[in-house]
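Each chain, written out:
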Amino acid sequence: MELDLYIPKLDDLWFYQQMMADPATMSYNIGYDPWPGYHQDTGCIDFPREEWEAWYAQWVGREPERFYAYIRHRSDGEWIGDVNFHHTPDKDWWDMGIVIFAPCRGQGYAAPALRLMLDHAFRVCGVSRLHNYFETTREAAWKAHLAAGFRDAGTVDGIRHLLLTREEYLAAQGG
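Along each chain, the written sequence defines residue order, and numbers are assigned to residues from 1. Owing to the predicted nature of the model, reporting of local features is limited to residues with pLDDT of at least 70; listing and counting of side-chain atom pairs is limited to 80 or more, with chain, interface and lining totals taken over all residues. Based on all heavy atoms of the structure, the side-chain values leave hydrogens and waters out of the count.

A. A look at the packing of helix H4 (residues 110-124) against helix H5 (residues 139-148). For the pair H4 and H5, interaxial distance at closest approach is 8 Å and the crossing angle is 45°. Here H4 lies oblique to H5, going by the angle between them. As H4 packs across H5, the resulting crossing turns out to be right-handed. Residues Ala110, Ala111, Leu114, Arg115 and Leu118 of H4 touch H5, and the partners they reach there are Ala144, His145, Ala147 and Ala148. Of the residues assigned to the contact of H4 with H5, the class counts are seven nonpolar, one polar and one charged. Only the contacting stretch of a helix is used when fitting its axis, a line to C-alpha atoms as for every element, and angles between N-to-C directions run 0 to 180 degrees. Note on conventions: DSSP H or I runs of at least 4 residues are helices, E runs of at least 2 residues are strands, and numbering of each starts at the N terminus. Oblique is the label for any angle not under 35 degrees, not over 145, and not in the 65 to 115 range, which are roughly parallel, roughly antiparallel and roughly perpendicular in turn. Handedness of each helix crossing follows the sense of rotation of the near helix against the far helix: counterclockwise by less than a right angle gives left-handed, clockwise gives right-handed. Contact between two residues is taken to exist if any of their heavy atoms lie within 4.5 Å; hydrogens are not considered. Residues are sorted three ways: Asp, Glu, Lys and Arg are charged, Ala, Val, Leu, Ile, Met, Phe, Trp, Tyr, Cys and Pro are nonpolar, and all the rest, Gly among them, are polar.

B. Quick look at the sheet that holds strand E5 (residues 129-135). In short, DSSP must find at least two bridges between two strands for them to pair. One open sheet accounts for seven strands, arranged E1-E2-E3-E4-E5-E7-E6; its pairing is mixed. Lying at the two open borders of the sheet, with one neighbouring strand each, are strand E1 (3-6) and strand E6 (151-156). Taken over all neighbouring pairs, the strand axes of this sheet differ in orientation by 30° on average, direction set aside. As defined by bridge partners, E5 adjoins strand E7 (residues 159-165) across seven bridges and the pair is classed as antiparallel. Each bridged residue has a counterpart across the sheet, and for Leu130 the counterpart in E7 is Leu164. Strands strand E2 (66-73) and strand E3 (79-88) of the sheet are contacted by helix H3 (residues 52-59), whose axis makes an angle of about 105° with E2.

C. Local environment of the side chain of Asp82. Structurally, Asp82 is set in strand E3. Categorising residues by exposure relies on relative accessible area from a 1.4 Å probe, with only protein chains included: less than 20% of the type maximum marks a residue as buried, more than 50% marks it as exposed, and the intermediate range marks it as partly exposed. In this tally, Asp and Glu contribute negative charge and Lys and Arg positive charge; neither His nor the terminal groups of the chain are included. Any carboxyl oxygen of Asp or Glu that lies within 4 Å of a side-chain nitrogen of Lys or Arg is treated as forming a salt bridge with it. Buried and without a salt bridge, Asp82 has Arg105 as its closest oppositely charged side chain, separated by 8.8 Å. Throughout this description, a polar contact denotes any pair of N or O atoms lying within 3.5 Å of each other; where both atoms belong to protein, one of them has to be capable of donating a hydrogen while the other can accept it, and for residues adjacent in sequence the pair is counted only when both atoms sit in side chains. One polar contact links Asp82 to Tyr68, side chain to side chain, over a distance of 2.7 Å. Beyond its immediate chain neighbours, meaning those up to four positions away, Asp82 contacts Tyr16, Met19, Tyr68, Ala69, Tyr70, Ile71, Gly97, Ile98 and Val99.

D. Main features of the pattern of salt bridges. In the structure shown here, the tally under the stated rule is seven salt bridges. As a salt-bridge pair, Arg49 and Asp11 come within 3.2 Å of each other at their nearest N and O atoms. Remark: Asp11 occurs in the loop between E1 and helix H1 (14-20) and Arg49 occurs in the loop between helix H2 (23-26) and H3; sequence separation between them is 38 residues. On the accessibility criterion, Asp11 (56% relative accessible area) is exposed. The residue Glu135 makes a salt bridge to Arg138 at a minimum N-O spacing of 3.8 Å.

Structure below.
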């Protein structure tokens, strides 16, 4: 699968805004405790244009502390989702996330996109450990993470935790 990571420009954040406003894409997010701009009934998150610059300054160009990129098709440049990671000092790991835009789901993009992010995190940024967590009901996410090399780090209160170390990743890749 010909995917790559694309660091968006500020004006490219319309795609992030579109994903955050799409109920089908954000349905996994339904029901969390409310915060400003979050809609419990749809899982959508407001991302008005006036917030773009501050968000961009916080997420883009902050490696290895933080990383954000779109996932895109190499052949036509179409954006299909995003990946990110950020350092969580009290756990001594980097929490990560991936969102596949709903119209692109079910096409086998998640595991290859995760592998691209893992390669960037471990080889380029020197991250030591990546962690992710989500509900046990999210089988597709579970399978994609396992296919990308994550291991089960336990389940607590219906939340599945996954972890992958730099050493595990590099050993699986042959160095």
